[in-house]
Protein chains: 2
Amino acid sequence: MDLKITLNKIASILLEKNLKIAIAESATGGLIANNITNIPGSSNFFDRGLVTYSNNAKIELLTVSKDLIEKHGAVSKEVAEAMAEGVRINSNVDIGLSTTGIAGPTGGSKEKPVGLVFISYSDKDKTISKKIIFKGSRLENKESFCNAALNLLFENIK
Amino acid sequence: MDLKITLNKIASILLEKNLKIAIAESATGGLIANNITNIPGSSNFFDRGLVTYSNNAKIELLTVSKDLIEKHGAVSKEVAEAMAEGVRINSNVDIGLSTTGIAGPTGGSKEKPVGLVFISYSDKDKTISKKIIFKGSRLENKESFCNAALNLLFENIK
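Residues numbered from 1 in each chain as written. Chains lettered and ligands numbered in written order. Predicted model: local features only at pLDDT ≥ 70, side-chain atom pairs only at ≥ 80, totals over all residues.

### Here's the deal with the overall build of chain A
Here comes step 1: If you tally the helices and strands in chain A, you get six helices and five strands.
Here comes step 2: Along the chain direction, N to C, the helices and strands of chain A fall in the order α-β-α-β-α-α-α-β-β-β-α.
Here comes step 3: Among the 158 residues that make up chain A, the fraction classed as buried is 51%.
Here comes step 4: Here the analysis covers contacts within chain A between residues at least 6 apart in sequence; of these, 62% occur between residues at least 24 apart. (Helix = DSSP H or I, 4+ residues; strand = E, 2+ residues; numbered from the N terminus. Buried ≥ 20, exposed ≤ 12 C-beta atoms within 10 Å, placed from the backbone. Contact = placed C-beta atoms within 7 Å.)

What follows is the structure, given as structure tokens:
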């Protein structure tokens, strides 16, 4: 689905159900927040977006434990889920959404290649995540990560 | 100056001087963080970006006082400066940059029209701000606010 259509559908559903959202972005670096705040009136459902690039930011702002990062790495299913849950609980909102991955062009390894992303959705009933590997430039990967996260959000609120 | 050139110059200077930056965005909604994280290797100088759309987010994450927001409004020189200083100190980095404004199309008043933005730069020696009024669509205003903030940053670190 086209990004703009997805965004408009998400906005309508959040407004209709009176749900507030907060976002924790690592790999997407603010792209999700930027897309959401392009929607006029988004301040009615978007509470905050945290671009937690450093591990310190993840620990301080999202209450992701240092041990979890050391054990699994910042780019992992476990950290993605802790980020989505952390941003939801700390922001006192209904939904948390997160991304952690490797946009590239550097920072990849055999086990965790450039293009790898974990995205996570959290509400009061569940926290789920998805692992995807894309093959693109840094900017293409950021776009793909963002679209995947917004689709995960849409699937879980529609 | 072209946005990409400004960004590359900012990245070079921050890396060369070994300075870390954190950003607090209201009106730009993540656009500055997104532009900065488009630069490969930005994790070496970009610590975090906080898209503090709600007043609660400004109070909780940036230590902006509730009284200050009530007295001057969230879109004010005083709050812009408190945001830049707050994000710098709370993130334990060298430089804080902030934006607060009215991107539109709604939310404007005679005194504070759509297109109004306050941008602020803070380092250990000073905190300064600038008030500008642009005339554009929501997306054009976000772009203009972002470029103005990046220029303010560049002028103060070059």
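Resuming the write-up.
### A word on the relation of the copies chain A and chain B
Here comes step 1: Overlaying chain A with chain B gives an RMSD of 0.0 Å, the required rotation being 180° about an axis along which the chain moves by 0.0 Å. Such a combination of rotation and displacement between the chain copies is what one expects of a two-fold axis.
Here comes step 2: The share of interface residues of chain A whose copies in chain B are also at the interface is 100%, consistent with both copies meeting through the same surface. (Least-squares fit on C-alpha atoms with pLDDT ≥ 70 in both.)

### Side note on the nonpolar core
Here comes step 1: One finds I21, M83 and A149 of chain A together with I21, M83 and A149 of chain B to be the most contacted residues of the largest nonpolar core, which totals 92 residues.
Here comes step 2: Not counting residues within four places of it along the chain, the set of residues in contact with I21 of chain B comprises L14, F45, F46, D47, V93, D94, I95 and L97 of chain B. (Core = buried A, V, L, I, M, F, W, Y, C linked by C-beta atoms within 7 Å.)

### Brief notes about helix α5 (residues 77-91) of chain B
Residues and elements named next belong to chain B.
Here comes step 1: With 15 residues, α5 should reach 21 Å at 1.5 Å per residue; the first-to-last C-alpha distance of 21 Å fits that figure.
Here comes step 2: Among the 15 residues of α5, eleven are classified as buried, and the element is accordingly described as predominantly covered.
Here comes step 3: Positive phi shows up at N92, right after α5, with a value of about 60°. (Expected span 1.5 Å × (residues − 1).)

### Focus on the interface of chain A and chain B
Here comes step 1: On the chain B side, the residues contacting the 23 residues of chain A number 23 residues.
Here comes step 2: When residues of the side of chain A that touches chain B are traced back to their parent elements, those giving at least two are α2 (31-37), β2 (46-52) and α6 (138-157) of chain A.
Here comes step 3: With seven residues, β2 of chain A is the largest single contributor of residues to the side of chain A that touches chain B.
Here comes step 4: By the bridge criterion, five bridges tie β2 of chain A to strand β2 (residues 46-52) of chain B in an arrangement that is antiparallel. (Pairing = 2+ DSSP bridges.)

### Structural notes on the sheet that holds strand β5 (residues 127-133) of chain B
Pairing between the strands of a sheet comes from backbone hydrogen bonds, and it takes one of two forms, parallel or antiparallel.
Here comes step 1: Read across the open sheet, the ten strands follow the order β5(A)-β4(A)-β3(A)-β1(A)-β2(A)-β2(B)-β1(B)-β3(B)-β4(B)-β5(B); overall the sheet is mixed. A strand with exactly one partner marks an edge of an open sheet, and here the two such strands are β5 (127-133) of chain A together with β5 of chain B. Neighbour-to-neighbour, the strand axes of this sheet turn through a mean angle of 10°, independent of strand direction.
Here comes step 2: Relative to β2 of chain B, strand β1 (residues 21-25) of chain B is paired through five bridges, and the arrangement is parallel. Looking at the pairing, A22 of chain B lines up with R48 of chain B of β2 of chain B.
Here comes step 3: Packed onto the sheet, helix α3 (residues 55-62) of chain A meets β1 (21-25) and β2 of chain A together with β2 of chain B and runs at close to 145° relative to β2 of chain A. (Axes fitted to C-alpha atoms, helices over the stretch in contact; angles between N-to-C directions.)

### Quick notes on the environment of G108 of chain B
Residues and elements named next belong to chain B.
Here comes step 1: Note on placement: G108 falls in the loop between β3 (95-101) and β4 (116-122).
Here comes step 2: Look at G108 and you get partly exposed, because 15 C-beta atoms sit within 10 Å.
Here comes step 3: The spacing of G108 and N151 is 43 residues in sequence and 25 Å in space, taken between C-alpha atoms.
Here comes step 4: Setting aside residues no more than four positions away along its own chain, G108 makes contact with I102, P113 and V114.

### Some points on α6 of chain A
Residue pairs three or four apart in sequence face the same way in an α-helix, which turns once every 3.6 residues.
Residues and elements named next belong to chain A.
Here comes step 1: The first and last C-alpha atoms of α6 sit 29 Å apart over 20 residues, in line with the 28 Å expected at 1.5 Å per residue.
Here comes step 2: For α6, every residue scored as buried is listed here: R138, N141, K142, S144, F145, C146, N147, A149, L150, L152 and L153.
Here comes step 3: On its buried face, α6 is in contact with α1 (3-16), α2, β3 (95-101), β4 (116-122) and β5.

### Focus: unusual backbone geometry
All names here are of chain A.
Here comes step 1: Cis rather than trans, the peptide bond between G104 and P105 has omega equal to 0°.
Here comes step 2: Secondary-structure assignment places P105 in the loop between β3 and β4.
Here comes step 3: In the Ramachandran plot, N18 falls in the positive-phi region, its phi being about 55° despite a non-glycine side chain.
Here comes step 4: By the element assignment, N18 lies in the loop between α1 and β1.
Here comes step 5: Even without being glycine, T63 reaches a positive phi, approximately 55°.

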